[in-house]
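# Coordinate inspection notes
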Amino acid sequence: MERYVVGALFFICMWLSSQHPAVAAPPNIVLIVADDLGGTIGGQGVATPNTSALAAGGVTFATAYASPVCVPSRTKILTGRQEQELGVYVNPTGPEIETFGLPVGTPTIADALRGQGYATGIFGKWHLGVQERFRPLNRGFQEGHYVLQSDAPYLPPNDPQNPFFHDGVQVEETRPTTAAFAAEAAAFIHRHRADRFFAYVPFSAVHRPYACTAGQLARVPASIPAKRRTFACVLIGLDDGVGVILDQLRQDGLERATLVVFLGDNGCVAACLDGILRGGKGTQYEGGVRVPFALSWPGTLAPRVVATPISTADLFTTFLLAAAPGTAVPAAVDGIDLMPLATGGIGPPSQLASARQRRGDHRPPVDPQHGAFVGREGDGRKTEGHSFCPGARDECE
């Protein structure tokens, strides 16, 4: 009888250990976000060796959901909350740009990690408010090289309406934008190589307007149609930027001490390809909200593909528990810890929902002022109370 009890305890312990990796120390965390990149990693017909290697050596979540446009998506990523809870539904336009901001008092993952002793930096496109109180250095980030709004030019000269900032001070950037963000992220990593750090790298690539260097354009395969060539070279520049960051981790001996996540913020637009998925950026179809998502932690996470649906809101909880195992996650946070799934275990269901305002459309269930709510439960999806099943091209929506 005793040996059966011992055997049962052994298997229970093995199962529990599979639910979260045993680690010697909290990891550094690098979060890389590609702008307007839907589909799959390596699925654009252009070689992306750095991003593809990151995915191949780590965990790919094949059914990852974001929000359909930039601002709600960044809200979800940084707060771990469904954006409609914070009153965020669309990208602000016109006069709204000057007044909009991620609600003050809402903690970001940078706030949470800074509270755990992490150095925090942002290198890329902020897009969560231009007023001083909304800016990155007042939302948990200590350092950064960034623009506050969308549509920053890829090449000099800078846009005077959307200038670059370095540690809160406006600067003139003479380097190509993607290369500048990557170089500054790498410098941050090197500066803090003896610390624990969180580097948030929301590249502006591959958002329009497309432009790239002559050298990148020369690397575009001849097979790429003319209408996609400039997009393709922007994607090459993005992959080069990912390579700069990964190379810095290797040079500083931090590969096995760093959790790296790469994802898109929403579905494709223009020359980007969403594969077989219906719709694209700005829609609630699969092509608008399913994004590439890979997580790498060499020595801790074995390569695998996870089919279980997850949400970009899950990053907050995942990062906080990796940084401080056993700590209490704020009650308002909606995300789950992805580590059980990433290590081959079983996790609780992720809350897969987004809401987008349709201007002039005032339908429930979100609230009397906003409509277009979409969620996914189990094997089906729901929108505004009507059930429909997912398919290769959402045939049954």
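All residue numbers refer to positions counted from 1 along the written sequence of the respective chain. Under the rules for a predicted model, residues below a pLDDT of 70 receive no local features and side-chain atom pairs below 80 are neither given nor counted, while totals for whole chains, interfaces and linings still include all residues. Derived side-chain values reflect all non-hydrogen atoms in the structure, with water molecules and hydrogen atoms excluded from consideration.

## Considering the overall build of the chain
The helix and strand labels rest on DSSP assignments: H or I over at least four residues marks a helix, E over at least two residues marks a strand, and numbering proceeds from the N terminus. Helix and strand counts for the chain stand at 11 helices and 17 strands. Note on contacts: a residue pair qualifies if any of its non-hydrogen atoms lie within 4.5 Å across the two residues. Contacts in the chain between residues at least 24 apart in sequence constitute 67% of all its contacts with a sequence separation of at least 6. Accessible area of the chain: about 16100 Å², with a carbon and sulfur share of 58%. All accessible areas in this document rest on Shrake-Rupley with a 1.4 Å probe, and a residue is counted as covered only by the protein chains that are shown.

## Digging into the state of the cysteines
The definition used for a disulfide is geometric: two cysteine sulfur atoms within 2.5 Å. In total, this model carries two disulfides according to the counting rule given. Residue C212 pairs covalently with C233 via a disulfide, S to S 1.7 Å. Measuring handedness by torsion sign, the sulfur bridge of C212 and C233 sits at about -85° and is left-handed. With C212 in the loop between β8 (197-202) and α7 (214-218) and C233 in helix α8 (residues 226-251), this residue pair connects regions lying 21 residues apart in the sequence. C233 carries the same exposure label as C212, and that label is buried. For C268, the disulfide goes to C272, at an S-S distance of 1.9 Å. With a 1.4 Å probe rolled over the protein chains alone, any residue whose accessible area is under 20% of its type maximum counts as buried; one over 50% counts as exposed, and the rest are partly exposed. Note on C268: relative accessible area 6%, which makes it buried. For C272, a relative accessible area of 7% corresponds to the buried category.

## Some thoughts on the packing of helix α2 (residues 49-56) against α8
Where α2 contacts α8, the two axes come as close as 7 Å, and the packing angle between them is 60°. Judged by the angle between their axes, α2 and α8 are oblique. Of the residues in α8, those touching α2 at P49, N50, T51 and L54 are D239, D240, V242, G243 and L246. Taken together, the residues of the contact of α2 with α8 break down into four nonpolar, three polar and two charged. An axis is simply a line fitted to the C-alpha atoms; with a helix, the fit covers only the stretch in contact. Between two such axes, the angle follows the N-to-C directions and lies from 0 to 180 degrees. Oblique is the label for any angle not covered by the other classes, which are roughly parallel (under 35 degrees), roughly antiparallel (over 145) and roughly perpendicular (65 to 115). Any residue outside Ala, Val, Leu, Ile, Met, Phe, Trp, Tyr, Cys, Pro, Asp, Glu, Lys and Arg is labelled polar, Gly included; the first ten of those are nonpolar and the last four are charged.

## Some words on unusual backbone geometry
Geometrically, the link from A205 to V206 is a cis peptide bond, its omega value of 15° lying close to zero. Summarising the element assignment, V206 is placed in the loop between β8 and α7. One non-glycine residue, D151, lies in positive phi territory at about 65°. Turning to its location among the elements, D151 is positioned in the loop between β5 (143-147) and β6 (164-166). Residue classification places D151 among the partly exposed residues on the basis of a relative accessible area of 43%. With a phi close to 55°, A270 is a non-glycine residue in the positive phi region. Note on placement: A270 falls in the loop between β9 (258-264) and α9 (286-289).

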